[in-house]
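# Structural overview for review
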Amino acid sequence: MDRDRRAAVHRTPLPRFVLLYALMYGAFGVASPFWPRFFEERGATAEELGVLLAAGTAARLVSGPLAGRMADLLAARRAVLGACIGTAGVVALALLPAQGLWLLLLVSLCHAAALAPVTTLADALASRAAATSGRAGGRRFEYGWVRGAGSAVFIIGTLVAGQVVGATGLPSIVLMHGALLAAAAVVALFVPEVISDHETTLRAGSPAGGFAALLRIALFRRLLLVVALVLGSHAMHDAFAVIRWNAAGIGPGAASVLWSTSVAAEVLVFFLIGPPLVARAGPAAAAAIAAAAGALRWIVMALTADPLVLMLTQPLHGLTFALLHLACMRLLTQTVPPQLAATGQAIYALAAGTATALLTLAAGALYARFGAAAFFAMAALCVGALPLTLGLRAQSR
């Protein structure tokens, strides 16, 4: 009996996925908030900084789907994930000696292109492993536990990096980022890869065939629209929330508390609230809750900047982002053919990223003209997503 239990624990992939996500999101956390300052220290002007960040976004939008499709064609998601993580870690180190716009642009483009597929490939592996967990004597686990661990370590990484940067300078973020990615690349080779019996069905087709096959699935197209509307609506908050709060007299300290509260709620939903809610209510109902919470959140942002009210509504981020993400992961595992798992994750990320980029551009013009009332436009997007979630329910039964 004891030997059987030990064998079941050994078969449980949860610790390996948690370690992978902790290292990945730790690497993101130690560096992401500080990249603009790092580039500025390397001689980039404000205009050049905009070019660097925009070019990195464009590279991610292209490389993510391409790497996901290649991983599916080769049926080698784990190997491609490890290669992308390792490449990103090595390329990041090249930023240390880089000076001037053109060299910084070249290195940062390569870094962004290598890093972009990492989360989608990891999600493809983790979500499918979670969906099939509990079989063959192994312990069942939820994808949300893995993703929540990543969010929690992201916060820790950011806090630690802030202290390290203050003591040793900005180059330290590159070293920490590279070291964590190197460790993650090794761990990636040991996470399980669930491969179905008909995994090679579409391998002989053209690379574009997988994209076309997915876009022919009505439920998948509807999911992408919901994601674009609800996750895209966060663009106004990400770009102008702190500006809005500062104009209302909320200082940096209070603003950081408000922001941290939303991230803490995200972790709570990933770990505790989201998985049972999605399991009991279903992914379609969970998506509807996320859209409704988004509408309420942005209406409040448009109407008031009272710190107490904001403290009560910022935790809605756990619903507007984390709960929707969990619902989408469940729908993707139910809807996307196993041989297109990484491609489906990549298109999902592409829809969210493209919508966010476009709505960020729109947010600037809206906020300049309407001020805080521009948040009503984001609320309207979430309201528009609500009837689409009903369609998800009808087709996912």
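Worth saying up front: this structure is predicted, and the values here are computed from it rather than measured.

What follows is about the pattern of salt bridges. Inspection of every chain in the model, using the stated rule, returns 5 salt bridges. Residue Asp72 is joined to Arg77 by a salt bridge in which the shortest nitrogen-to-oxygen separation is 2.7 Å. When sorted by exposure, Asp72 lands in the same class as Arg77, which is buried. One salt-bridge network, held together by shared partners, links Asp72, Arg77 and Glu193.

Turning next to the packing of helix α5 (residues 77-93) against helix α6 (residues 101-131). The contact between α5 and α6 brings their axes to 8 Å, and the two run at 150°. For the element pair α5 / α6, the angle class is roughly antiparallel. The element α5 and its partner α6 pack so that their crossing is left-handed. On α6, the residues that touch Arg77, Arg78, Val80, Leu81, Cys84, Ile85, Thr87, Ala88, Val91 and Ala92 of α5 are Val107, Cys110, His111, Ala114, Leu115, Pro117, Val118, Leu121, Ala122, Ala124 and Leu125. Classifying every residue of the contact of α5 with α6 by side-chain character gives 17 nonpolar, 2 polar and 2 charged.

This part covers the domain arrangement of the protein. In terms of domains, the protein is made up of domain 1 (13-190) and domain 2 (207-391). Taken together, the contact between domain 1 and domain 2 spans 25 residues of the former and 29 residues of the latter. Summed over both partners, the interface of domain 1 with domain 2 comes to about 2,300 Å²; 69% of that surface belongs to carbon and sulfur atoms. The three residues of domain 1 that bury the most area against domain 2 are Leu61, Arg69 and Arg128, which together make up 24% of that side's buried surface. Here domain 1 and domain 2 share 1 salt bridge between them. At the junction of domain 1 with domain 2, the criterion picks out 6 residue pairs in polar contact (both at pLDDT 80 or more). Elements represented by at least two residues in the side of domain 1 that touches domain 2 include exactly α4 (46-74), α6 and α7 (143-168). When residues in the side of domain 1 that touches domain 2 are grouped by element, the largest group, 9 residues, is from α7. Residue classes in the side of domain 1 that touches domain 2 are distributed as 11 nonpolar, 7 polar and 7 charged.

Another aspect to go through is a nonpolar patch on the surface. A cluster of nonpolar residues, Trp145, Leu268, Phe271, Leu272 and Ile273, forms a patch on the protein surface that exposes about 440 Å² of accessible area. If one sorts the elements of the nonpolar patch by residue count, helix α12 (residues 252-281) sits on top with 4 residues. Tracing the sequence through the fold places Phe271 in helix α12. The class of Phe271 is partly exposed, set by a relative accessible area of 31%.

Here helix α10 (residues 218-232) is 15 residues long and its end C-alpha atoms lie 21 Å apart, about the 21 Å a rise of 1.5 Å per residue gives. Buried within α10 are the following residues: Leu219, Phe220, Leu223, Leu224, Val226, Val227, Val230, Leu231 and Gly232.

Below, the discussion takes up the packing of aromatic side chains. Evaluated as defined, the whole model comprises 9 aromatic pairs. Taking the centre distance of 4.6 Å and the plane angle of 10° together, the rings of Phe240 and Tyr367 count as stacked. With Phe240 in helix α11 (residues 234-247) and Tyr367 in helix α16 (residues 341-370), this residue pair connects regions lying 127 residues apart in the sequence. Exposure class is identical for Phe240 and Tyr367. Each is buried. Aromatic rings pair up to connect Tyr21, Tyr25 and Phe28 into one cluster.

Rules of the game
Residues numbered from 1 in each chain as written. Predicted model: local features only at pLDDT ≥ 70, side-chain atom pairs only at ≥ 80, totals over all residues. Heavy atoms only, no water. Salt bridge = Lys/Arg side-chain N within 4 Å of Asp/Glu carboxyl O. Buried < 20%, exposed > 50% of the residue type's maximum accessible area, 1.4 Å probe, protein only. Axes fitted to C-alpha atoms, helices over the stretch in contact; angles between N-to-C directions. Helix = DSSP H or I, 4+ residues; strand = E, 2+ residues; numbered from the N terminus. Parallel < 35°, antiparallel > 145°, perpendicular 65-115°, else oblique. Left-handed = near helix turned anticlockwise from the far one by under 90°. Contact = heavy atoms within 4.5 Å. Nonpolar A, V, L, I, M, F, W, Y, C, P; charged D, E, K, R; others polar. Domains from an automatic or database assignment. Buried area = accessible area lost by both parts, 1.4 Å probe. Polar contact = N/O pair within 3.5 Å; in protein donor to acceptor, adjacent residues only side chain to side chain. Patch = residues over 30% accessible without salt bridge, like charges linked within 9 Å, V, L, I, M, F, W, Y side chains within 5 Å. Areas by Shrake-Rupley, 256 points an atom, 1.4 Å probe, with all protein chains shown as cover. Expected span 1.5 Å × (residues − 1). Phe/Tyr/Trp six-rings, centres within 6.5 Å; stacked < 30°, edge-to-face > 60°.

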